[in-house]
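Structural overview
Spelled out, the chains give:
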Amino acid sequence: MKLYGYAEKNILVKLIYYMFLGYLVIDMITGGLLLSGKNISLSIPYKVIIICLCIAAIAAKKKLELVYILGLIILICFTFLLNGKEIVDMNLTVKMALRIIMYPIVFYYFKLYYEHSRQKQLKRIVTFNNIVIMVNMFLAILGFGYNTYNSGDGLKGFFYDANALSASVFCLFVYFYSKNKSKIYVVIYVLLAILIGTKAAMLVILLFYLFDTIWNARLRDKIFMSAFIIGLYELFVNLFMSSDIFDYQMQRYKYILSTNGNNVLDALTSRRYSKMLDVFSGRFNIMKFLFGHGYTSVVIELDFFDVLYAYGIIVAVMLLVFYLYIIYINRNCKEKFIFNILYLILSFVTGHIWFNTTSLVFFCAINVSDFLEKDENTNKIKNQKRRQVTNG
């Protein structure tokens with residue numbers, strides 16, 4: 001006997017759908033409560049409920065995915081048991097564990113219930129949460145909410161984590177831009193990234209646009225565009241090197257290198273590289289290596305190594321395999337492939353990606369959406385019709 005039928009007849013799937021519609025609204029309310037001095041988090045219990053409901057829905061259809069998810073949960077629980085007395089903040093350790101396991105749980109749920117059907121529902125989830133972010137940024141412009149930096153620069157409204165908000169902006173750009181290739185989305189989401197004040201979001205949006213444009217172009221256009229970009233770069237370098245700005249920047253970079261022991265990797269990663277080496281240079285303990293130390297005050301801000309330290313090599317490799325698996329299954333769709341490569345690189349450069357649940361819904365929606373392939377087929381049909389009209 002089947003436990004679940006179609007979504008419209010299924011209370012569980014309907015409930016999960018409505019909870020995803022209100023996903024970022026709850027995050028905004030939580031941010032507002034924190035801003036008002038009330039240390040109350042509605043997001044954590046809300047997301048725990050979503051996790052439990054999604055696991056129940058997955059269990060009704062797929063057993064292999066369920067084994068993977070339960071394996072992650074059991075390993076993380078073992079970390080709690082192994083380091084219970086040593087973990088300074090157990091609540092933080094549990095909260096961070098929920099964040100990293102939520103990615104595969106929600107992805108498998110979306111893959112089961114949205115990949116081959118109910119795409120309109122999925123689009124509504126993304127669109128509504130996109131509106132929430134737009135409203136949040138509008139309120140931030142009006143002076144409500146947090147600034148990104150202590151200096152007062154940048155705006156993030158009622159979202160507490162600027163890196164998570166930036167990742168969401170990148171995901172939303174990919175989702176909507178890939179649908180119809182309109183350049184207006186480049187402008188909109190680059191402006192949002194500028195308002196937030198994070199260079200990483202601006203960079204990955206422009207990189208995605210560049211790679212996608214070159215990938216789509218004919219060989220002749222690729223050669224032309226590549227030559228144009230190289231020429232523009234050479235022109236920029238020549239003009240830059242002949243200006244006073246160049247001397248200022250060179251002095252600045254020399255200072256950054258000198259303060260980081262002339263280590264280029266430290267200068268590029270804000271000392272995360274040396275911090276990572278320091279964290280893992282202590283006395284080797286096989287149990288800590290396998291199952292981690294728990295999420296402590298030691299934060300490297302390089303996601304793989306943070307998971308490795310907190311939850312051990314097994315969980316870290318399982319999560320890395322999960323992200324590589326997503327890249328592999330989407331290798332034939334250029335938009336998804338480029339997006340997932342850039343998303344994984346972000347996790348190794350800026351951090352706060354694997355532990356970020358704000359962009360989670362958008363990340364999963366991109367990887368199960370079929371509009372990318374449909375648009376390609378639609379464009380092929382349109383081109384065929386144009387040729388027929390021209391020939392006729």
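Residues numbered from 1 in each chain as written. Predicted model: local features only at pLDDT ≥ 70, side-chain atom pairs only at ≥ 80, totals over all residues. Heavy atoms only, no water.

Take the overall build of the protein chain next. Tallying secondary structure elements over the protein chain gives 18 helices and two strands in all. Burial analysis of the protein chain (392 residues in total) assigns 44% to the buried set. Within the protein chain, contacts between residues at least 6 apart in sequence are counted, and of these 69% link residues at least 24 apart. (Helix = DSSP H or I, 4+ residues; strand = E, 2+ residues; numbered from the N terminus. Buried < 20%, exposed > 50% of the residue type's maximum accessible area, 1.4 Å probe, protein only. Contact = heavy atoms within 4.5 Å.)

The next point concerns the side chain of Thr79. Note on placement: Thr79 falls in helix α4 (residues 64-83). For Thr79, a relative accessible area of 0% gives the class buried. Once you skip the residues sitting within four places of it in the chain, Thr79 turns out to touch Ile87, Phe291, Gly292, Gly294, Ala310 and Tyr311.

Enumeration according to the criterion identifies 34 aromatic pairs in this entry. A ring pair is formed by Phe304 and Phe348, whose centres lie 6.0 Å apart and whose planes are at 25°; its orientation type is stacked. Pair noted here: Phe304 is in helix α15 (residues 303-329) and Phe348 is in helix α16 (residues 334-349), with a separation of 44 residues, a long-range link. Look at Phe348 and you get partly exposed, because its relative accessible area is 31%. When the ring centre of Tyr113 is taken as origin, the NZ or CZ atom of Lys61, which lies over that ring, is 4.5 Å away. Lying over the aromatic face of Tyr146, Lys156 brings its terminal NZ or CZ to 5.6 Å of the ring centre. (Phe/Tyr/Trp six-rings, centres within 6.5 Å; stacked < 30°, edge-to-face > 60°. Lys NZ or Arg CZ within 6 Å of the ring centre and 35° of its normal.)

Let us look at the nonpolar core. Across soluble globular proteins, nonpolar side chains have a tendency to be buried as a group. Judged by nonpolar contacts, the single largest core of 100 residues is most densely connected at Phe20, Ile100, Tyr109, Phe110, Phe170, Tyr311 and Trp354. Those residues in contact with Tyr311 that sit more than four places away from it in its chain are Ile76, Thr79, Phe80, Thr93, Met96, Ala97, Ile100, Leu290, Phe291, Gly292, Tyr295 and Phe355. (Core = buried A, V, L, I, M, F, W, Y, C linked by side-chain atoms within 4.5 Å.)

For Tyr309, the location among the structural elements is in helix α15. When the C-alpha positions of Tyr309 and Leu290 are compared, they lie 9.4 Å apart, and in sequence the two are 19 residues distant.

This paragraph deals with the side chain of Ser178. Structurally, the position occupied by Ser178 is in helix α7 (residues 162-180). Polar side-chain contacts of Ser178 include one of 2.7 Å to the backbone oxygen of Val174. (Polar contact = N/O pair within 3.5 Å; in protein donor to acceptor, adjacent residues only side chain to side chain.)

With 20 residues, α4 should reach 28 Å at 1.5 Å per residue; the first-to-last C-alpha distance of 29 Å fits that figure. Within α4, the full set of buried residues consists of Glu65, Leu66, Tyr68, Ile69, Leu72, Leu75, Ile76, Thr79, Phe80 and Asn83. If you follow the buried residues of α4, they end up packed against α3 (43-59), α5 (90-113), α14 (286-291) and α15. (Expected span 1.5 Å × (residues − 1).)

Attention now goes to unusual backbone geometry. Only a minority of non-glycine residues have a phi that is not negative, and only a minority of peptide bonds are not trans. Phi is positive for Lys181, close to 60°, though the residue is something other than glycine. Position of Lys181 relative to the elements: it lies in the loop between α7 and α8 (184-196).

Right, let's talk about the environment of Leu142 for a bit. Here Leu142 shows up in the loop between α6 (119-141) and β1 (146-147). Separated by 15 residues in sequence, Leu142 and Gly157 place their C-alpha atoms 9.4 Å apart.

In this structure the tally under the stated criterion is four salt bridges. Salt-bridge contacts for Asp212 lead to Lys181; the nearest nitrogen and oxygen are separated by 3.1 Å. Taken together, the residues span a long stretch of sequence, with Asp212 in helix α9 (residues 199-216) and Lys181 in the loop between α7 and α8 at a distance of 31 residues. Judged by relative accessible area, Asp212 falls into the buried class, the value being 0%. (Salt bridge = Lys/Arg side-chain N within 4 Å of Asp/Glu carboxyl O.)

Let's shift gears to the confidence of the model for the protein chain. The pLDDT averaged across the protein chain works out to 79; a share of 75% of its residues lies at or above 70. Per-element averaging of pLDDT across the protein chain places helix α18 (residues 371-391) at the bottom with 48 and helix α17 (residues 360-368) at the top with 94. With pLDDT under 50 throughout, residues 1-9 is counted as low confidence; its partners more than four residues away or in other chains account for 13 contacts. Across residues 372-382 the pLDDT falls below 50, and counting only partners more than four positions away or on other chains, this stretch makes 11 contacts in the model. (pLDDT = per-residue confidence, 0-100.)

This paragraph deals with a nonpolar patch on the surface. On the surface, Phe78, Leu81, Leu82, Phe284, Ile286, Met287 and Phe289 cluster together into a nonpolar patch covering about 680 Å² of accessible area. Those elements giving two or more residues to the nonpolar patch turn out to be α4 and α14. Following the sequence through the fold, Ile286 ends up in helix α14. Judged by relative accessible area, which is 46%, Ile286 ranks as partly exposed. (Patch = residues over 30% accessible without salt bridge, like charges linked within 9 Å, V, L, I, M, F, W, Y side chains within 5 Å. Areas by Shrake-Rupley, 256 points an atom, 1.4 Å probe, with all protein chains shown as cover.)

The next subject is the packing of α7 against α16. Relative orientation of the contacting elements α7 and α16 amounts to 175°, with a least axis distance of 11 Å. Between α7 and α16, the interaxial angle falls into the category roughly antiparallel. Listed contacts from α16 to Phe170, Cys171, Val174 and Ser178 of α7 are Glu335, Phe339, Leu342, Tyr343 and Leu346. The residue inventory of the contact of α7 with α16, partitioned by class, reads seven nonpolar, one polar and one charged. (Axes fitted to C-alpha atoms, helices over the stretch in contact; angles between N-to-C directions. Parallel < 35°, antiparallel > 145°, perpendicular 65-115°, else oblique. Nonpolar A, V, L, I, M, F, W, Y, C, P; charged D, E, K, R; others polar.)

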